[in-house]
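Chain by chain, the residues run as shown.
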Amino acid sequence: MSPAPVFSPARWAAGFLLLALSLLALGAHAQAVAVVTDVKGAVAFAPDRGTKPVALLSELTNGADIQLEKGATLSLVYLQSGTEFQLRGPARITLGATAPQSVAGAGAILRSSVVAAETARLHTANGRVVLGGMVMRGLGMDRLKLLEPIGKVLGARPTFAWTLPPDATTVQFELRDEGSDKVLLSAAVQGSQLVLDDKLALQAGVNYVWTVALEVPGANSLVRSSYFSLSSPQERERMEALRPGPQAPFSDRLIFASLLEQGRFLSESRKLWQQLAEERPDLPELRTLAKR
């Protein structure tokens, strides 16, 4: 019988140090450095890494190996610098800490923009940009759904809008101050939209709750409620300064939609997601975001 191995503190310490250094190197390698802001055509992690497609709004880690087939394009923005790089296939790149490195094909083209510089504000988790939009579910949601305002509002006077079931014409509308529970407006409204009277002044930073109720013959009443608050003039000015025009690059408008949603401007972001989804029907991620 072979003798039992003798415990060696020096050997154990050396092994522990090697393991710690290996884990540290692995963590550094897996550090997210960029986010995908546009992708067209066949773009995937290199074949020796599993050929997993590169998805819109996913994070890319330091050292990621990406291959673009002929005609494919990829835009990515580095999270810390806000610098965007655009690539066109055929090409293969690996991501460095501050810029992509060309392995084969054309190199990356650098582009800077005011909106892209805001990517450092995007919240990420588990390799994806976290978008926390409100998803409203329940019986009758396909028949009565609140559209806007939901979340924070950039404008000083929001327009209230909802969808109605077929043949429905009148709903009971109510607006309350969430803090005091004071009813500010209660009225029967015809149609699917309400514009507040100028005499009713709303305050920035105050949470308001609005409710739409509909009597359905032969069924229970349908009641939907949501909240909103007006942004401060300073926040409104900042967001409007960042807003890209309708002809701005796709990635700028995508980043702005993400910033709106993470800032809880949910009605605003949904409109932009819908526009982007119509523009790019090839991206299923946008269809999902537009339907929330």
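Read on for a plain summary of the structure. None of the values given here were measured: they were computed from a predicted structure.

### What to know about the nonpolar core
(1) Moving on: Counting 46 residues, the largest nonpolar core has L60, I66, L74, L76, L95, W273 and L286 as its most contacted members.
(2) Moving on: Tallying contributions element by element places helix α3 (residues 250-262) first for this core, with seven residues.
(3) Moving on: Beyond its immediate sequence surroundings of up to four residues, L60 is in contact with Q31, A32, V33, A34, V36, F45, V54, I66, L76 and L95.
(4) Moving on: By size, the runner-up hydrophobic cluster in this structure holds 20 residues, among which are L194, L214, L222 and F228.

### Thoughts on the pattern of salt bridges
(1) Moving on: Inspection of every chain in the model, using the stated rule, returns 13 salt bridges.
(2) Moving on: Two residues, R92 and D65, come together in a salt bridge whose shortest N-O distance is 2.6 Å. With a gap of 27 residues between them, R92 in strand β7 (residues 91-95) and D65 in strand β4 (residues 65-68) connect regions that are remote in the sequence.
(3) Moving on: Given the relative accessible area of 22%, R92 is considered partly exposed.
(4) Moving on: For K271, the salt bridge identified is with E148, shortest N-O distance 3.1 Å. Of the two residues, K271 sits in helix α4 (residues 266-279) while E148 sits in strand β12 (residues 145-148), which places them 123 residues apart along the sequence.
(5) Moving on: Under the relative-accessibility criterion, E148 is labelled partly exposed at 21%.
(6) Moving on: Connected through shared salt-bridge partners, D38, R280 and D282 make up one network.

### Structural notes on the pairing of strand β6 (residues 83-88)
(1) Moving on: In the sheet, strand β5 (residues 73-78) pairs with β6 via five bridges, with the strands oriented antiparallel. Bridging from a neighbouring strand, V77 pairs with E84 of β6.
(2) Moving on: What sits between β5 and β6 in their antiparallel hairpin is a turn of four residues, with G82 showing a positive phi close to 70°.
(3) Moving on: Pairing analysis gives four bridges linking β6 to strand β9 (residues 109-112), with the strands arranged antiparallel. What sits directly across from T83, in β9, is S112.

### Here we look at the pairing of β5
(1) Moving on: Here β5 lies mainly inside the structure; six of its six residues are buried.
(2) Moving on: Where burial is concerned, the two faces of β5 agree: the one with T73, S75 and V77 and the one with L74, L76 and Y78 are both buried.
(3) Moving on: Judged from the six bridges that link them, strand β1 (residues 32-40) and β5 form a sheet pairing that is antiparallel. Within β5, the position partnered with A34 by the bridge is Y78.

### Considerations on the sheet that holds strand β2 (residues 43-45)
(1) Moving on: Sheet architecture is open: four strands sit in the order β2-β4-β7-β8, paired in antiparallel fashion. What marks the edges here is a single partner per strand, and that holds for β2 and β8 (100-105). Strand-to-strand twist in this sheet, taken as the mean axis angle between neighbours without regard to direction, amounts to 25°.
(2) Moving on: Note: β2 against β4, three bridges, orientation antiparallel. Counted as the bridge partner of A44 is Q67 from β4.

Calculation notes
- Residues numbered from 1 in each chain as written.
- Predicted model: local features only at pLDDT ≥ 70, side-chain atom pairs only at ≥ 80, totals over all residues.
- Heavy atoms only, no water.
- Core = buried A, V, L, I, M, F, W, Y, C linked by side-chain atoms within 4.5 Å.
- Buried < 20%, exposed > 50% of the residue type's maximum accessible area, 1.4 Å probe, protein only.
- Helix = DSSP H or I, 4+ residues; strand = E, 2+ residues; numbered from the N terminus.
- Contact = heavy atoms within 4.5 Å.
- Salt bridge = Lys/Arg side-chain N within 4 Å of Asp/Glu carboxyl O.
- Pairing = 2+ DSSP bridges.
- Axes fitted to C-alpha atoms, helices over the stretch in contact; angles between N-to-C directions.

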